[in-house]
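# Coordinate inspection notes
For reference, the chains in residue letters:
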Number of protein chains: 2
Amino acid sequence: MGTAVATKGLEGIVATNSSICWIDGDAGVLAYRGIDIHELASKSTFEETAYLLWNGTLSTLPELDAFTRRLTEARKLPPQIIDLLRSFPKEATPMEVLRTAVSALSFYDPNEKAVDHESNIRKSFALTAQIAMLVAAFDRLRKGKRVVDPDPSLSHAGNFLWMLTGEKPSDTATRALDVALILHADHELNASTFAARVIAATLSDIHSAITGAIGALKGPLHGGANENVMRMLFAIEEQGEDPVEHVRQMLAEKKKVSGFGHRVYHTEDPRATHLRKMSEDLGRASGNTKWFDMSRKIELFVNAEKKLNANVDFYSASTYTTLGIDLDLFTPIFATSRIAGWAAHVIEQLDDNRLIRPRAEYVGPHYPVKYTPLAQR
Amino acid sequence: MGTAVATKGLEGIVATNSSICWIDGDAGVLAYRGIDIHELASKSTFEETAYLLWNGTLSTLPELDAFTRRLTEARKLPPQIIDLLRSFPKEATPMEVLRTAVSALSFYDPNEKAVDHESNIRKSFALTAQIAMLVAAFDRLRKGKRVVDPDPSLSHAGNFLWMLTGEKPSDTATRALDVALILHADHELNASTFAARVIAATLSDIHSAITGAIGALKGPLHGGANENVMRMLFAIEEQGEDPVEHVRQMLAEKKKVSGFGHRVYHTEDPRATHLRKMSEDLGRASGNTKWFDMSRKIELFVNAEKKLNANVDFYSASTYTTLGIDLDLFTPIFATSRIAGWAAHVIEQLDDNRLIRPRAEYVGPHYPVKYTPLAQR
């Protein structure tokens with residue numbers, strides 16, 4: 001076939017050129033458009049980060065104002081979509097709901113088939129605003145509460161907490177979520193982003209690409225990992241166990257401890273550094289460092305025993321729980337941030353497109369297998 | 001990064017081992033589980049082909065009976081899904097509707113998160129039966145007609161035509177659609193199947209994988225091509241043009257003629273052989289060979305002028321139109337068949353899974369780009 005044999009899972013295979021995200025797994029570097037994630041996490045906002053991801057450079061003040069205004073104005077859901085959310089079973093997982101509702105949003109897009117650069121930018125604003133609204137609205141509806149209208153005076157992070165809780169969030173809470181959104185906004189060709197690019201490369205629409213990405217993010221090996229971290233912490237607390245003993249037992253039983261190790265990073269995941277601090281700061285501000293303390297003990301133990309570093313998922317679990325966010329909203333919040341990166345990648349893919357169509361190495365029955373008529377089998 | 005540079009679009013890159021589909025692009029061979037597509041197209045049925053794709057070998061008669069019974073029994077849609085279809089705008093494209101409805105079906109799956117082999121098989125029966133039902137039901141609803149209940153005495157192909165038209169289909173029509181479904185059932189790592197595997201490999205559920213695959217198939221570079229072929233034929237007829245002159249003009253204007261050439265085949269697409277015959281047979285049976293005749297003239301001209309062969313899309317256009325099927329149902333019918341292959345690939349992926357996570361070659365601003373505070377920009 002003239003094909004090369006790839007490593008399973010395309011590990012180490014370059015699937016495309018991209019100018020969005022730089023990862024140096026050995027040095028533990030993550031940078032968006034060349035700017036270190038530490039700079040962005042400590043100095044920037046989600047809005048500024050989304051601007052950077054979509055435009056390639058940092059904005060001027062007027063550019064950022066225009067960008068923020070456009071994002072704020074995009075905070076609209078068609079009334080049919082709210083009806084749709086109401087019609088879904090309350091027990092449906094928020095990721096199924098998000099996947100379905102994002103797919104349905106294309107019905108109401110004024111030009112759902114358009115895949116040119118400007119249309120994709122317009123749709124990216126809409127989807128970024130709407131994904132946050134969908135996550136908050138479904139959580140309210142399933143709890144029998146009224147849907148909270150967005151507040152145009154609030155940032156993306158602050159408005160999300162407002163729509164979720166119906167209460168004006170503290171500056172500490174808003175900043176914590178904002179940092180989490182910055183840290184999760186992009187990560188090169190992770191599985192959901194890669195799925196989005198594969199779908200977009202058929203010249204299908206961005207709603208299709210993002211719907212597929214949400215489906216991929218839903219997987220326990222991708223977006224679902226911080227839920228598993230939190231389930232472990234809850235189980236430890238419920239059983240009144242010592243966290244280190246619990247994890248020692250898990251390792252003895254050859255069980256995987258979620259939130260550690262990463263295919264790309266061979267050192268500390270640079271996002272973990274900020275989430276560790278965020279988890280601690282939020283704990284102190286709320287007077288409850290229980291989840292942080294437990295996490296820290298586990299981290300030190302796993303690090304010493306297995307030489308594995310905490311990844312982005314490990315401290316996002318205690319951070320979100322300390323913010324009062326339900327377990328099954330962790331991955332939807334990941335989507336609320338990653339839409340910025342997904343959109344950047346879809347736009348980049350379609351600006352210079354080629355169908356993504358690899359080959360398989362055939363290892364089945366040797367051709368030609370005889371077709372025996374049914375009566376003779 | 002220790003990575004290799006790939007050809008754009010992963011062309012020629014082996015992404016996985018697979019024992020499902022064998023393609024020899026130089027010899028023009030397509031085989032499912034080692035059995036030549038010509039054998040299957042002339043002797044088999046969609047049900048037998050789906051059994052083969054999912055199980056790896058041809059069935060015995062009792063096995064095929066059990067398989068067919070299970071597929072027939074899976075022809076059920078939750079009433080909420082019919083309500084959902086009714087709530088969608090009548091102008092929505094059937095592919096958007098299918099993507100959204102398949103996503104919503106997971107709400108009603110008794111164990112939507114399960115990804116073990118048996119659960120995937122159970123869900124594959126459900127999805128194969130339900131995708132056909134969704135396509136037919138939405139087409140009826142948008143035309144203000146009642147939804148037609150499935151007829152358990154009919155084959156998958158025959159029942160689809162029954163649910164679509166509300167009339168018992170002729171043997172010729174049933175066989176034509178059955179052959180089209182066999183021919184479209186799998187094609188190795190085409191973009192939609194690859195998207196399904198990327199999504200499934202995160203251990204997300206099969207509804208997520210198939211929803212993503214439908215989004216990819218929707219793209220004009222993938223499932224949408226036969227629609228474009230038919231649009232061209234309709235335009236030629238409407239303007240009373242000579243088909244060869246029309247295409248000569250297109251080529252002079254450097255326009256792409258849909259339905260010709262294929263990334264993998266360098267000779268005739270073996271599926272085109274059968275669809276050409278099907279288009280001709282159906283035309284003769286219905287006393288209207290107009291679309292076949294027009295197609296044949298174009299094929300001979302493009303073949304002579306550009307050395308390009310007709311692909312699977314070229315004659316499926318005239319075949320479906322002669323069957324009385326609307327233009328925008330061509331791609332949904334493709335999905336009605338390809339679900340067999342998508343399911344086989346998702347099952348294979350999850351039977352021996354590894355996250356699919358390639359790398360990108362970073363070509364953006366050189367790290368580290370300085371973060372200039374907003375006030376100083």
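Being a predicted model, the structure only gives us computed values, none of them experimental.

Bringing helix α16 (residues 330-351) of chain B into the picture now. Given 3.6 residues to a turn, an α-helix orients residues that are three or four positions apart in the same direction. Helix length check: α16(B), at 22 residues, gives a terminal C-alpha distance of 32 Å against a target of 32 Å (1.5 Å per residue), a fit within 8%. For α16(B), the principal kink sits at B:R338 and spans about 45 degrees.

Attention now moves to the sheet that holds strand β4 (residues 35-36) of chain B. Residues and elements named next belong to chain B. Here we have 3 strands laid out as an open sheet, ordered β2-β3-β4, and antiparallel in their pairing. The open sheet is flanked by β2 (21-24) and β4, the only strands paired with a single partner. Of the strand pairs in this sheet, β2 and strand β3 (residues 29-32) are connected by 4 bridges, and their pairing is antiparallel. Paired with I23 across the bridge in β3 is L30.

The subject of this paragraph is the relation of the copies chain B and chain A. For the pair chain B and chain A, the best superposition has an RMSD of 0.0 Å and corresponds to a rotation of 180 degrees with a translation of 0.0 Å parallel to the axis. Read as a symmetry element, the transformation amounts to a two-fold axis. Residues of chain B ranked by C-alpha distance from the rotation axis are headed by B:G212, positioned 2.0 Å from it. Mapped onto chain A, 100% of the interface residues of chain B are again interface residues, and the two copies thus contact each other with one and the same surface.

Quick look at the sheet that holds strand β4 (residues 35-36) of chain A now. Spatial strand order, β2-β3-β4 (chain A): 3 strands in an open sheet with antiparallel pairing. Edge positions in the sheet fall to β2 (21-24) and β4 of chain A, since each has one partner strand and no second.

Moving on, we come to the pairing of β2(A). By the alternation rule, side chains of β2(A) split into A:C21 and A:I23, which are all buried, and A:W22 and A:D24, of which none is buried. Between β2(A) and strand β3 (residues 29-32) of chain A, which follow one another and run antiparallel, lie 4 residues, and A:G28 among them has a positive phi close to 70 degrees.

What follows deals with the interface of chain B and chain A. On the chain A side, the residues contacting the 104 residues of chain B number 104 residues. Roughly 9,300 Å² is buried in total at the junction of chain B and chain A, and carbon and sulfur atoms are behind 60% of that figure. In this assembly, chain B and chain A are joined by 16 salt bridges. Remark: the boundary between chain B and chain A carries 66 residue pairs in polar contact (both at pLDDT 80 or more).

By size, the foremost hydrophobic cluster in this structure holds 258 residues, and its most contacted members are A:F194 and B:F194. The contacts of B:F194, once residues within four sequence positions are left out, are A:L10, A:F194, A:V198, A:I356, A:P358, B:L10, B:A15, B:L189 and B:I356.

A few words now on the pattern of salt bridges. Side chains that carry opposite charge are capable of pairing whenever their charged atoms lie near each other. Inspection of the entire model under this criterion finds 58 salt bridges over all chains. A salt bridge links A:R197 to A:E348; the shortest N-O distance between them is 2.8 Å. Pair noted here: A:R197 is in helix α9 (residues 191-200) and A:E348 is in helix α16 (residues 330-351), with a separation of 151 residues, a long-range link. You can call A:R197 buried: its relative accessible area is 3%. Relative accessible area serves as the criterion here: at 17%, A:E348 is assigned to the buried category. In this structure, B:E11 engages A:R354 in a salt bridge whose closest nitrogen and oxygen atoms are separated by 2.0 Å. On the criterion of chain membership, the pair formed by B:E11 in the segment before β1 (14-18) and A:R354 in the loop between α16 and β5 (359-362) is interchain, its members lying in two chains. We classify B:E11 as partly exposed; its relative accessible area is 30%. Judged by relative accessible area, A:R354 falls into the partly exposed class, the value being 31%.

Bringing the packing of aromatic side chains into the picture now. Under the defined criterion, the tally for this structure stands at 25 aromatic pairs over all chains. Taking the centre distance of 5.7 Å and the plane angle of 45 degrees together, the rings of A:W22 and B:Y362 count as tilted. A residue pair is termed interchain when its members come from two chains, as with A:W22 in strand β2 and B:Y362 in strand β5 (residues 359-362). Assessed through its relative accessible area of 22%, A:W22 is described here as partly exposed.

Here we come to the domain arrangement of chain A. All names here are of chain A. Annotation of chain A at the domain level lists domain 1 (21-219 + 331-351) and domain 2 (225-322). Between the C-alpha centres of domain 1 and domain 2 there is a distance of 26 Å. Opposite the 23 residues of domain 1 that make contact, domain 2 presents 19 residues. Interface area for domain 1 against domain 2, summed over the two sides, is near 1,700 Å², with a carbon-plus-sulfur share of 68%.

Procedures and definitions
Residues numbered from 1 in each chain as written. Chains lettered and ligands numbered in written order. Predicted model: local features only at pLDDT ≥ 70, side-chain atom pairs only at ≥ 80, totals over all residues. Heavy atoms only, no water. Helix = DSSP H or I, 4+ residues; strand = E, 2+ residues; numbered from the N terminus. Expected span 1.5 Å × (residues − 1). Bend = angle between axes of the 7 residues up to and from the residue. Pairing = 2+ DSSP bridges. Least-squares fit on C-alpha atoms with pLDDT ≥ 70 in both. Contact = heavy atoms within 4.5 Å. Buried < 20%, exposed > 50% of the residue type's maximum accessible area, 1.4 Å probe, protein only. Buried area = accessible area lost by both parts, 1.4 Å probe. Salt bridge = Lys/Arg side-chain N within 4 Å of Asp/Glu carboxyl O. Polar contact = N/O pair within 3.5 Å; in protein donor to acceptor, adjacent residues only side chain to side chain. Core = buried A, V, L, I, M, F, W, Y, C linked by side-chain atoms within 4.5 Å. Phe/Tyr/Trp six-rings, centres within 6.5 Å; stacked < 30°, edge-to-face > 60°. Domains from an automatic or database assignment.

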